[in-house]
Amino acid sequence: MAHLINIGFGNMVNGDKIVSMVSTEAAPIKRMIQTSRDEGKAVDATCGRRTRTALVMESGHVVLSALTTETIAARCFDRKNEAREEENHG
């Protein structure tokens, strides 16, 4: 079962398909985002807000979020813990 992670404003991604989460402050990441946009592989889930995190997915898509990397990582961690508890009790 997919572990959906809320990345802000009601947008969700499959947490099992995230390869990495990176802050968008560094120039190489900004270039990666622009390349993804040029290739049609960028998914903008910021709802017009400042992009703070780029999620690199297994498919090669880059999902952009206005939430911080720490916030999304905490949500991933919380969701994985919930899934483990369900497995142990179910």
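Just so you know, these numbers come straight off a predicted model, no measurement behind them.

1. Side note on the overall build of the chain
Phase 1 of the analysis: Along the backbone of the chain there are two helices and six strands.
Phase 2 of the analysis: Along the chain, from the amino end to the carboxyl end, the secondary structure elements read β-β-β-α-β-β-β-α.
Phase 3 of the analysis: The principal-axis extents of the C-alpha atoms in the chain amount to approximately 45 × 25 × 20 Å.
Phase 4 of the analysis: Across the chain, every contact between residues at least 6 apart in sequence was considered, and the portion connecting residues at least 24 apart equals 50%.
Phase 5 of the analysis: Total accessible area on the chain stands at roughly 5,600 Å², and carbon and sulfur atoms take up 51% of it.
Phase 6 of the analysis: Taking the 12 positively charged and 12 negatively charged side chains of the chain as two groups, their mean positions are separated by 7 Å.

2. A word on the nonpolar core
Phase 1 of the analysis: Counting residues in hydrophobic clusters, the biggest one holds eleven residues: Ile-5, Ile-7, Val-13, Ile-18, Ala-45, Leu-55, Met-57, Val-63, Leu-67, Ile-72 and Cys-76.
Phase 2 of the analysis: Contributing elements (two or more residues each) for this core: β1 (4-8), β5 (53-57) and α2 (69-89).
Phase 3 of the analysis: If sequence neighbours within four positions are ignored, Leu-67 has contacts with Asn-6, Ile-7, Gly-8, Arg-52, Thr-53, Ile-72 and Arg-75.

3. As for helix α1 (residues 27-39)
Phase 1 of the analysis: Here α1 is 13 residues long and its end C-alpha atoms lie 18 Å apart, about the 18 Å a rise of 1.5 Å per residue gives.
Phase 2 of the analysis: Taken together, the buried positions of α1 are Ile-29, Ile-33 and Ser-36. The buried residues of α1 occupy an angular sector of 60 degrees when projected down its axis, which confines them to one face. Of the exposed residues in α1, those oriented more than 90 degrees away from the buried face are Arg-31, Asp-38 and Glu-39.
Phase 3 of the analysis: Tucked into the core, α1 has its buried residues touching β3 (18-23), β4 (42-44), β5 and β6 (62-65).
Phase 4 of the analysis: Count one or two residues on from α1 and you reach Gly-40, which has phi positive near 75 degrees.

4. Some details on the side chain of Thr-53
Phase 1 of the analysis: If you trace the backbone, Thr-53 turns up in strand β5.
Phase 2 of the analysis: Among the residues examined, Thr-53 registers a relative accessible area of 0% and is labelled buried.
Phase 3 of the analysis: Only 2.9 Å separates the side chain of Thr-53 from the backbone nitrogen of Thr-69, close enough to count as a polar contact.
Phase 4 of the analysis: Ignoring sequence-local partners within four residues, the contact set of Thr-53 consists of Met-21, Val-22, Thr-24, Val-63, Leu-64, Ser-65, Leu-67, Thr-68, Thr-69 and Ile-72.

5. Let's talk about the sheet that holds β3
Phase 1 of the analysis: Pairing in this open sheet of four strands is mixed, and the strands run β3-β5-β6-β4 from one edge to the other. Of all the strands in the sheet, the pair left with one neighbour each is β3 and β4. Between one strand and the next, the sheet's axes are offset by a mean angle of 20 degrees, whatever the strand orientation.
Phase 2 of the analysis: Pairing analysis gives five bridges linking β3 to β5, with the strands arranged antiparallel. When the bridges of β5 are listed, Val-22 appears paired with Ala-54.

Here is what the cut-offs are and how they apply
Residues numbered from 1 in each chain as written. Predicted model: local features only at pLDDT ≥ 70, side-chain atom pairs only at ≥ 80, totals over all residues. Heavy atoms only, no water. Helix = DSSP H or I, 4+ residues; strand = E, 2+ residues; numbered from the N terminus. Contact = heavy atoms within 4.5 Å. Areas by Shrake-Rupley, 256 points an atom, 1.4 Å probe, with all protein chains shown as cover. Lys, Arg positive; Asp, Glu negative; His and termini not counted. Charge placed at Lys NZ, Arg CZ, Asp CG, Glu CD. Core = buried A, V, L, I, M, F, W, Y, C linked by side-chain atoms within 4.5 Å. Buried < 20%, exposed > 50% of the residue type's maximum accessible area, 1.4 Å probe, protein only. Expected span 1.5 Å × (residues − 1). Arc of directions from axis to C-beta. Polar contact = N/O pair within 3.5 Å; in protein donor to acceptor, adjacent residues only side chain to side chain. Pairing = 2+ DSSP bridges. Axes fitted to C-alpha atoms, helices over the stretch in contact; angles between N-to-C directions.

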